[in-house]
Amino acid sequence: MGEVIVITSGKGGVGKSTTTASLGVGLAMRGKKVALIDTDTGLRNLDILLGLERRIVYTLVDVAQKRVNYGQALVRHKKYSNLFLLPTSQVADKTAIEPEQMKQLVDTMRNEFDFILIDCPAGIEQGFQTAVIGADWAVVVTIPEVSAVRDADKIIGRLQAVNKDIKLIVNRIDPQMVKAGTMLDMTSIDDILSLPCIGQIPDDREVINASNQGIPIIEWSNTAAGRAYNDVVGRICGEDIPFKPFETEGFFARLKHVFGH
């Protein structure tokens, strides 16, 4: 039976869909059969992050309303034959899919996939309830800003109310800002959220470059964010991977090392 993980956040713009795409690709790279389900109905961007936007024919809404079966709506990744996307609709609203419909769907898909990752809409409306209901456990994604951490805390309360096991990924960590005291450090975040952390992702401008090309950053193994996401995938697979210290040197200081001055 496959494992169902919902990836959620308290607010938009913290890298939740980027995280979903990278974790899905990372698990596929390890030989797992993976389905990604985009439940952000009305918006939808997981297809773009995976470079699959031109291949969509049917959507999650079509499946929920029994116009097609889920196999007809799945889009196979171009590079990884064991990775599939179930996209949602850009024109329907989040009430188009009922929570019980979603639970029935993922319970059926468990028989075919090793992992099902559900990209949850931000916030706590019906879309959140729909995405969460069928999951075995949850990943909450936040960034080291007070407002984002506070919103994450609200989501954690909702997840705990429905007895979900929860893990944390902290995205866009700038080590120089942390060192200067202008960004929350992990100790402060832990004091507020008190969750086991499986990912500390450094702020990396290459994430935007990769996303614009429809390539999840985990495929760029020479980047700091790509390496950090690969470690998260290892932890999800049960590997004991310690957190690595972040670089705190500035760009020009690194250039001096490169050119030997």
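Overview of the structure. (Residues numbered from 1 in each chain as written. Predicted model: local features only at pLDDT ≥ 70, side-chain atom pairs only at ≥ 80, totals over all residues. Heavy atoms only, no water.)

## A short note on the overall build of the protein
Operational definition: Helix numbers and strand numbers start at the N terminus; a helix is a DSSP run of H or I with at least 4 residues, a strand a run of E with at least 2. In this treatment the radius of gyration is a C-alpha quantity, and the globule benchmark scales as 2.2 Å times the residue count to the 0.38 power. Under the scheme applied here, a residue whose accessible area is under 20% of the maximum for its type counts as buried, over 50% as exposed, and between as partly exposed, the area being computed with a 1.4 Å probe on protein chains only. Contacts between residues were defined by any pair of non-hydrogen atoms, one from each residue, lying within 4.5 Å. Under the convention used here, a 1.4 Å probe and the Shrake-Rupley method define accessible areas, while residue burial counts only the protein chains that appear.
When helices and strands are counted, the protein shows twelve helices and eight strands. Expected size for 261 residues packed as a compact globule is a radius of gyration near 18 Å; at 18 Å, the protein falls within 12% of this value. For the C-alpha atoms alone, the extent of the protein along its principal axes is close to 65 × 40 × 35 Å. Across the 261 residues of the protein, 53% fall into the buried class. A separation of at least 24 residues holds for 76% of the contacts in the protein among residues at least 6 apart in sequence. Of the roughly 12,300 Å² of accessible surface on the protein, a fraction of 50% belongs to carbon and sulfur atoms.

## Side note on the packing of aromatic side chains
What counts is decided by this rule: Note on aromatic pairs: the rings of Phe, Tyr and Trp (six-membered ring only in Trp) are paired at centre separations within 6.5 Å, and the planes decide the class, stacked below 30 degrees, edge-to-face beyond 60, tilted for the rest. Whether a charge sits over a ring comes down to the Lys NZ or Arg CZ being within 6 Å of the ring centre and within 35 degrees of the ring normal.
The full count for this structure, using the stated rule, is one aromatic pair. For the ring pair F84 and F113, a centre distance of 5.8 Å and an interplane angle of 75° mean the geometry is edge-to-face. Taken together, the residues F84 in strand β4 (residues 83–86) and F113 in the loop between α5 (99–109) and β5 (115–119) connect sequence positions 29 residues apart. Classification of F84 by relative accessible area gives buried; the value is 10%. Lying across the ring of W137, K167 places its NZ or CZ 5.2 Å from the centre. Here the basic side chain of R235 rests over the ring of F243, its NZ or CZ set 3.9 Å away from the ring centre.

## Points about the nonpolar core
Put simply, the rule reads: In this description, a nonpolar core means a group of buried Ala, Val, Leu, Ile, Met, Phe, Trp, Tyr and Cys residues linked to one another through side-chain atoms lying within 4.5 Å.
Judged by nonpolar contacts, the single largest core of 43 residues is most densely connected at I37, L86, M109 and I118. At five residues, the largest contribution of residues to this core is made by helix α7 (residues 146–161). Residues within four places of I37 in sequence aside, it is in contact with L60, L86, M102, V106, M109, I116, L117, I118 and D119. Judged by nonpolar contacts, the second largest core, of 39 residues, contains V14, L23, V25 and L50.

## Comments concerning the side chain of R235
Put simply, the rule is: Neither His nor the chain termini are counted; the positive set is Lys and Arg, and the negative set is Asp and Glu. We define a salt bridge as a side-chain nitrogen of Lys or Arg found within 4 Å of a carboxyl oxygen belonging to Asp or Glu. Think of a polar contact as two N or O atoms within 3.5 Å of one another; within protein, one of them needs to be a possible hydrogen donor and the other a possible acceptor, and neighboring residues in sequence only count if both atoms come from side chains.
Tracing the chain through its elements places R235 in helix α11 (residues 224–236). One buried charge, R235, has no salt-bridge partner; the nearest side chain with opposite charge is D231, at 4.3 Å. In terms of polar contacts, R235 uses its side chain to reach the backbone carbonyl oxygen of P242, at 3.4 Å.

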